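# Coordinate analysis (summary)
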Amino acid sequence: MFLGLSRKSVLVTAASNGIGRAIAEEFASEGARVAICSRNKENLLKTTDEIKSKFGVDVLWCVCDLSKRKDIENTIAAVEKEFNGIDILVNNCGGPIRGNFIDVQDSDWQNAFNQMFLSAVTATKLVTPKMIEKEWGRIINITSISVKQPIDNLILSNAIRTGLVGLTKSLSNELGKYNITVNNVAPGYTLTNRVYEIAVNKAKELNISHEQVLTDIAREIPLNRLASPKEIAALVVFLASMKASYITGTTIQVDGGYIKGV
Ligand code: NAD
């Protein structure tokens with residue numbers, strides 16, 4: 001399928017590992033100019049080298065803590081300078097701490113809001129002027145199945161990510177006239193470090209193996225397995241492509257059928 005992504009400029013945030021990294025790789029495989037950011041320079045350099053040698057493309061990297069506005073400003077400025085604007089922005093971020101309403105503190109709410117919501121608002125605000133100028137753009141937020149079906153013991157994701165759904169729909173209304181689409185991709189259980197760590201911690205609590213925890217999760221999923229990060233990336237790249245020119249304002253889950261509702 002011709003996706004028309006060659007030479008498009010892409011920024012994927014929080015992309016040294018996991019889903020973000022898989023998204024960056026998928027864009028690189030389509031010949032896009034890719035920029036990635038995350039907090040740790042060593043991890044970024046390692047990921048950049050690996051993507052370069054796998055796909056033979058240059059990758060721009062920026063150290064950026066998404067909970068700091070200044071870091072986001074510096075990152076976007078550097079990428080726009082190098083690429084003459086950003087055509088596609090993928091707002092990914094680290095996940096929030098686990099816990100129920102009675103567990104989490106005021107500071108946890110604030111940190112989660114900064115990390116999951118405000119980072120996407122800031123990055124989007126900064127890239128849209130150039131997209132409007134070019135009359136073309138794609139903004140894709142990585143959220144979670146929690147926006148369609150709350151996940152037990154994950155109140156911060158359940159509550160704060162849902163705000164991104166409202167933001168996306170509103171933005172799609174506002175930016176449609178400039179040929180900018182705005183969508184959310186909602187991953188289900190995906191095999192990344194985050195899920196591995198969650199499984200290891202839960203295994204300790206329950207005194208079972210982490211393999212057993214992962215098998216128990218898979219049993220709840222109609223496709224009977226967790227996703228690979230590449231399977232989430234496939235939808236992101238499609239939504240960014242020419243083929244998805246009439247899709248905006250949506251939130252699409254990639255969950256192996258996990259969400260129970262219609
Ligand atoms: P991960 O922990 O494997 O990777 C997260 C990436 O974010 C890493 O590169 C990390 O360095 C970076 N990061 C974390 N905090 C950051 C910050 N403040 N600034 C910049 N970079 C930062 O996570 P993942 O599993 O790939 O998940 C990505 C996102 O998708 C998370 O928000 C997660 O909650 C969400 N999600 C994941 C799953 C899943 O099953 N893996 C399911 C639903 C939603």
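Residues numbered from 1 in each chain as written. Predicted model: local features only at pLDDT ≥ 70, side-chain atom pairs only at ≥ 80, totals over all residues. Heavy atoms only, no water.

### Overview of the sheet that holds strand S6 (residues 180-187)
The strand order S3-S2-S1-S4-S5-S6-S7 describes an open sheet built from seven strands, whose pairing is parallel. Only two strands of the sheet have a single partner each, and these edge strands are strand S3 (59-63) and strand S7 (251-254). If you compare each strand with its neighbour and ignore which way they point, the axes differ by 20 degrees on average. The pairing of strand S2 (residues 33-38) with S3 spans five bridges and is parallel. Bridge assignment links serine 38 to a residue of S3, and that residue is valine 63. Against the sheet, helix H5 (residues 155-175) makes contact with strand S5 (137-142), S6 and S7, and its axis sits at roughly 160 degrees relative to S6, the strand it touches most. (Pairing = 2+ DSSP bridges. Helix = DSSP H or I, 4+ residues; strand = E, 2+ residues; numbered from the N terminus. Axes fitted to C-alpha atoms, helices over the stretch in contact; angles between N-to-C directions. Contact = heavy atoms within 4.5 Å.)

### Points about the site of the ligand
Surveying the vicinity of the ligand reveals 26 residues, the closest of which are Ile19, Cys93, Arg161, Thr190 and Thr192. Between cysteine 93 and the ligand, the recorded distance is 2.7 Å, taken from a backbone N or O atom to an oxygen atom. For the ligand, the accessible surface in isolation is 830 Å², of which the surrounding protein chains cover 90%. Broken down by secondary-structure element, the contributors of at least two residues to the shell around the ligand are helix H1 (18-29) and helix H6 (193-206). A total of three residues in the shell around the ligand trace back to one element, the largest contributor, which is H6. Here the residues of the shell around the ligand are counted per class, giving nine nonpolar, 13 polar and four charged. No fewer than three residues from each of domain 1 (9-190 + 228-254) and domain 2 (191-226) sit in the shell around the ligand. (Near = heavy atom within 4 Å. Polar contact = N/O pair within 3.5 Å; in protein donor to acceptor, adjacent residues only side chain to side chain. Areas by Shrake-Rupley, 256 points an atom, 1.4 Å probe, with all protein chains shown as cover. Nonpolar A, V, L, I, M, F, W, Y, C, P; charged D, E, K, R; others polar. Domains from an automatic or database assignment.)

### A closer look at the domain arrangement of the protein chain
One widely used convention gives an interface's size as the accessible area the parts lose upon coming together. Split into domains, the protein chain comes out as domain 1 (9-190 + 228-254) and domain 2 (191-226). With 12 residues of domain 1 in contact, the opposing surface of domain 2 contributes 10 residues. Taking both partners together, domain 1 and domain 2 bury about 840 Å²; carbon and sulfur atoms supply 54% of that area. If you sort the residues of domain 1 by the area they bury against domain 2, Arg98, Tyr189 and Thr190 come out on top, with a joint share of 56%. Where domain 1 packs against domain 2, one counts one salt bridge. A salt bridge links glutamate 231 to arginine 225, with the nearest nitrogen and oxygen atoms 2.8 Å apart. Here domain 1 is connected to domain 2 by three residue pairs in polar contact (both at pLDDT 80 or more). Among the residues making up the side of domain 1 that touches domain 2, the classes are represented as five nonpolar, five polar and two charged. (Buried area = accessible area lost by both parts, 1.4 Å probe. Salt bridge = Lys/Arg side-chain N within 4 Å of Asp/Glu carboxyl O.)

### Thoughts on the nonpolar core
Ranked by size, the top nonpolar core spans 34 residues in total, and within it Ile23, Phe27 and Val185 carry the most contacts. Residue assignment for this core shows that the elements contributing at least two residues are strand S1 (9-13), H1, S2, helix H2 (41-55), strand S4 (88-91), S5 and helix H8 (229-240). A total of seven residues in this core trace back to one element, the largest contributor, which is H8. (Core = buried A, V, L, I, M, F, W, Y, C linked by side-chain atoms within 4.5 Å. Buried < 20%, exposed > 50% of the residue type's maximum accessible area, 1.4 Å probe, protein only.)

### Digging into the packing of H1 against H8
At a minimum axis distance of 8 Å, the contact between H1 and H8 shows a crossing angle of 50 degrees. Here H1 is positioned oblique relative to H8, judged by the angle of their axes. Remark: the crossing between H1 and H8 carries right-handed chirality. Residues Gly18, Ile19, Ala22, Ile23, Glu26 and Phe27 of H1 form the contact with H8, whose own contacting residues are Pro229, Lys230, Ile232, Ala233, Val236, Val237 and Ala240. Within the contact of H1 with H8, the residues separate by chemical class into 10 nonpolar, one polar and two charged. (Parallel < 35°, antiparallel > 145°, perpendicular 65-115°, else oblique. Left-handed = near helix turned anticlockwise from the far one by under 90°.)

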